[in-house]
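Commentary on secondary and tertiary structure
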Amino acid sequence: MTMTLSSPAPGPAPAEAAAWRQSLGLLWRDKFAFAAVLFLILVAFAACFGPWLLGPAATKINLLARNAPPMSTQLGWLYVLGADSLGRSILARIIVGAQNTMMLAGCAVVASLLIGSLLGFVAGYRNDWTSGVILRLADILMSFPSLLLAMIVLYVLTPGVANVIVVLAITRIPIYLRTTRAEVLEIRERTFVVAARVMGASPWRIVWKHVRPTVTPTLVTIATLEFAFVMLSESSLSFLGLGIQAPEFTWGAMVAQGQSYLGTAWWVAFWPGLAITLTAMSLNLLANWVRIATDPVQRWRLETRSPTHG
Amino acid sequence: MSGYVTTRMLHSAISMMGLIVLVFFLARLTGNPTDLYLPIDAPAEVRAAFAKANGFDQPLLAQFQTFLGNLVQFDFGNSLRLERPAVDLVLQAFPTSLILAGTAMTIALVVAVVAGSLAARNPNGVLDRFVNMIALAGASLPNFWLALVSVLVFAVGLRWLPTSGTGGLSYWILPVMVLTVRPCGLLAQVVRGAMISALSSAYVKTARAKGVKKRVIVFVHALRNAMLPIITVAGDQASGMINGAVVVEMIFGFPGIGRLMMESIQYRDFAVIQAGVIVTAAAIFLLNIVIDLAYALLDPRIKHA
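Cut-offs applied
Just so you know, the residues in each chain are numbered from 1, in the order the chain's sequence is written. All chains are assigned letters beginning with A, and all ligands numbers beginning with 1, in the order in which they are written. Given that this is a predicted model, residues contribute local features only at a pLDDT of at least 70 and side-chain atom pairs are listed and counted only at 80 or more, while totals for whole chains, interfaces and linings are drawn from all residues. UniProt positions are given in the numbering used here, feature names are shortened, and annotations may be inferred rather than shown by experiment. The numbering of helices and of strands both runs from the N terminus, where a helix is a DSSP run of H or I of at least 4 residues and a strand a run of E of at least 2. Whenever a helix is involved, its axis is fitted only over the stretch in contact; in every case the axis is a line through C-alpha atoms, and angles between N-to-C directions fall within 0 to 180 degrees. Put simply, angles under 35 degrees are roughly parallel, angles over 145 are roughly antiparallel, angles from 65 to 115 are roughly perpendicular, and the rest are oblique. By definition, turning the near helix anticlockwise from the far helix through less than a right angle yields a left-handed crossing, and turning it clockwise yields a right-handed one. It is the C-beta atoms, placed from the backbone, that decide contacts: two residues are in contact if theirs lie within 7 Å. Put simply, Ala, Val, Leu, Ile, Met, Phe, Trp, Tyr, Cys and Pro go in the nonpolar bin, Asp, Glu, Lys and Arg in the charged bin, and everything else, Gly too, in the polar bin. We define a nonpolar core as a collection of buried residues of the types Ala, Val, Leu, Ile, Met, Phe, Trp, Tyr and Cys that are connected via C-beta atoms lying within 7 Å of each other. With C-beta atoms placed from the backbone, a residue is labelled by how many other C-beta atoms lie within 10 Å of its own: buried for 20 or more, exposed for 12 or fewer, partly exposed between the two. For a helix, the expected span equals 1.5 Å multiplied by the residue count minus one. The bend at a residue is defined as the angle formed between two axes, one fitted to the seven residues ending at that residue and one fitted to the seven starting there.

- Per an unreviewed UniProt entry, the recorded name for chain B is ABC transporter permease, and the organism is Skermanella stibiiresistens SB22.
- Turning to chain B, the UniProt annotation filed under Subcellular location (unreviewed entry) states: "Cell membrane".
- Listed in UniProt under the heading Sequence similarities (unreviewed entry), the comment for chain B reads: "Belongs to the binding-protein-dependent transport system permease family."

Quick look at the structure:
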C-alpha cells in the first residue's frame, strides 16, 4: 500500500518502511482507531462524491414528507433519518453537506498551518526584534475572543465561503506559530543544527533541510486536532447564522435550522450534530493514535520540552 | 522574577494597545449605525443631527483621538442602543459570565484531575479505556448541539429543568453542564498523559520502594509534577471560555457578556463592543500572568531570568 512509495532518499528508508508496517499493525490492533479511520474515509467519500450523487435529492422539496420522522423506510431509504420542515431528506443533506463542512475546515487548517508555521520558523530562528513583533501580534489575536473577532470580521466582509475560511484561519494562526517557535528554539541549539551552521549552511537551508523535518510530526498531529476544532468553530459560526449562507449549507447550519423545530421534530437538529460529533471524535482518535504510533521516535521531544514553551 | 513580571506586563500593555486600535477600526468597518437607529425615511437633517450627537460626523482619526482621550479617564462612552455608560453594561454582564465560566472550569478541573489520575494508575486497563473514550467524546461535542440535546432531554422530555432564562439554581445547571463538557474532556486526556509519564519516573519508583501509600504517590508525588501541562491547557481553555459563553448564553438566554457582545455587534453599538473586548482582554492578560506565576510556584527550576 503506502509503503511502496519508494523515495530516493538514502539511509532511513528501510526504517521508515518498518515504521509504516508497524503503524499499520498498530492501527489494526487498536479497533477504535481503525473504526475512526474507516469513518473518516466514509466522510471523505461523501465530501468528494456526495453532491454529485445526491445533489438533487438534498434540495428537492417534498411537502408530503414534511418533518417525516426517522427510522421509517415508508418513503424510501433516503428518509431513514427523517426529513426537515420542507420535506428534504436529512440523510441526503448530511452527505451533501459534508463537502462544504470539510472544505471550509480543511482550507482553514491548511492556511493557518502554512502561515503560522512560517511565522513560527522566522520567530524561532531569528530570535531578535522580528520575533518580538510576531509574538506581540499573536498575543493580540489570542486575547481577542476568537468567536467575537470572527463575528465582527464577518459583519465587515459578508459571510461568503472565502471570508469564512479567512476568519477561521486567522484565529488559529497563533497555535502553529507558538508551537513551531518553541520547537525551533529548542532544535536550533541541538548538535546537528550547530554542525550544519558551522559547515556554512544558510539559515534557509538549515530551516528547510534540518529543522522542518523534525518539527513536521508535531505540526501534523496538531493539524489533525485542529481540523476537529476548526470544524466545531465553523459549526458554531453557522449556528449563529454567520457561516456560509443559504442555499449553501454545512452541518452546523443544519443544526441551526433544526433549532426551531426542537420540540416537534428533534431529528432535524440531532443527526447533523451527531455527524459533527462523530467526525470530530474520529479525528481526535486518529490524532491520539498517531501520537502513540510515533512515540518511540518522539519520546525525546516530550522529555526535553521545557514547560514554558508552547 | 519581578523583572520577568514587569516584562510580561509591558508585553501585555503593548498587546492591549494593538487590541484597542484593532477593535476601534474593525467595529467602525461593520457599518454606520445611523441607518440602523433611525427610520428609513428619516430626513437628512435628522440624520445629520444623530451623527453629530454621537460624533460620527468627525473624521475617523479625530473620533479615535476622542476615544483614546476618554479611555485614559476610564470613560468608555455611552451605549447607543441602551443609552447607558458602556462600561456599566459590561461590568453588569461580566459577573454572570465569570460565575458561569468559573463554575464550569472548576468542575472540569476537579473531574478531569480525579478521572485522569485514576485512569493513569493502570494504563490500558478497563478504567483507563473507559475514561479515555468518555474524554474523547466530551472533547468532540459541539457545545451548541449539546445545549440543544440537553434542553430536549432534560427540559422538554423529562421536564426536570427549565429550558432557558434566569432565576434560581435550576437555571444554571444546563448552561454550566454544557460549558463543562469540552474543557473537561480535553483536560482529562492531558491529565492522563502527564500522569502516565509522571508515574513512570524514578522518584515514583523510590516512593513505592519506601512503601508510600499508592494514593499518596498518585495524588501528591506524581500530580504535583504533572501539574504544569495541566495548568497550560486549563489556562487556554479558561481564556477560550468566552467563545462557549457566547453560544451558551444565546441558547439559554443568559444575560452575560457573550450575549451582550453578540447583540452589540448586531446593533453596531461601538462603545459596548470596545468596552467588552477591552475588559475581556484585560481579564485574559491577567489570567496569563497568574498562570506564569503558578509555573514558578510549582516548579522551582523555572526561574524567569
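**Brief notes about the UniProt feature "domain: ABC transmembrane type-1" (unreviewed entry) in chain B**
- With numbering matched to this structure, UniProt assigns "domain: ABC transmembrane type-1" (unreviewed entry) to residues 94-291 of chain B.
- Strand forms 0% of residues 94-291 of chain B and helix 85%; the C-alpha atoms that close the span are 21 Å apart.

**Overview of the packing of helix H5 (residues 146-157) of chain A against helix H6 (residues 161-187) of chain A**
Residues and elements named next belong to chain A.
- Remark: H5 packs on H6, axes separated minimally by 10 Å, with the N-to-C direction vectors making an angle of 150°. The angle between H5 and H6 falls in the class roughly antiparallel. Crossing angle aside, the handedness with which H5 passes H6 is right-handed. Each of Ser 146, Leu 149, Ala 150, Val 153, Leu 154 and Leu 157 in H5 lies in contact with H6, whose residues at this interface are Asn 163, Val 167 and Thr 171.
- A class-by-class count of the residues in the contact of H5 with H6 yields six nonpolar, three polar and no charged.

**With respect to the UniProt feature "transmembrane region" (unreviewed entry) in chain B**
- Mapped onto this structure's residue numbering, the UniProt feature "transmembrane region" (unreviewed entry) falls at residues 12-29, 98-118, 130-157, 169-195, 216-234, 240-258 and 270-291 of chain B.
- The span residues 270-291 of chain B is 100% helix and 0% strand, and its two end C-alpha atoms sit 31 Å from each other.

**Comments concerning the nonpolar core**
- Counting residues in hydrophobic clusters, the biggest one holds 162 residues, and the most contacted among them are Ala 112, Leu 187 and Val 191 of chain B.
- Counting residues in each nonpolar core, the second largest holds eight residues, with Phe 121, Ile 206, Val 207 and Val 215 of chain A among its members.

**Considerations on the environment of Pro 255 of chain B**
Residue and element names in this part refer to chain B.
- Take Pro 255: it is sitting in the loop between helix H10 (214-252) and helix H11 (257-266).
- Using a count of 14 C-beta atoms within 10 Å as the deciding quantity, one classes Pro 255 as partly exposed.
- In the structure, Pro 255 is positioned 158 residues away from Ser 97 in sequence and 8.2 Å away in space, judged by C-alpha atoms.
- Apart from the residues within four sequence positions on either side, Pro 255 is in contact with Ala 93, Thr 96 and Thr 166.

**Regarding helix H7 (residues 143-157) of chain B**
Residue and element names in this part refer to chain B.
- When the terminal C-alpha atoms of H7 are compared, their 19 Å separation across 15 residues agrees well with the 21 Å that a helix rising 1.5 Å per residue should span.
- Along its length, H7 shows its largest kink, about 30°, at Val 151.
- Among the residues of H7, those classed as buried are Asn 143, Phe 144, Trp 145, Leu 146, Ala 147, Leu 148, Val 149, Ser 150 and Val 151.
- Two residues or fewer past H7, Arg 159 is found with a positive phi of approximately 60°.

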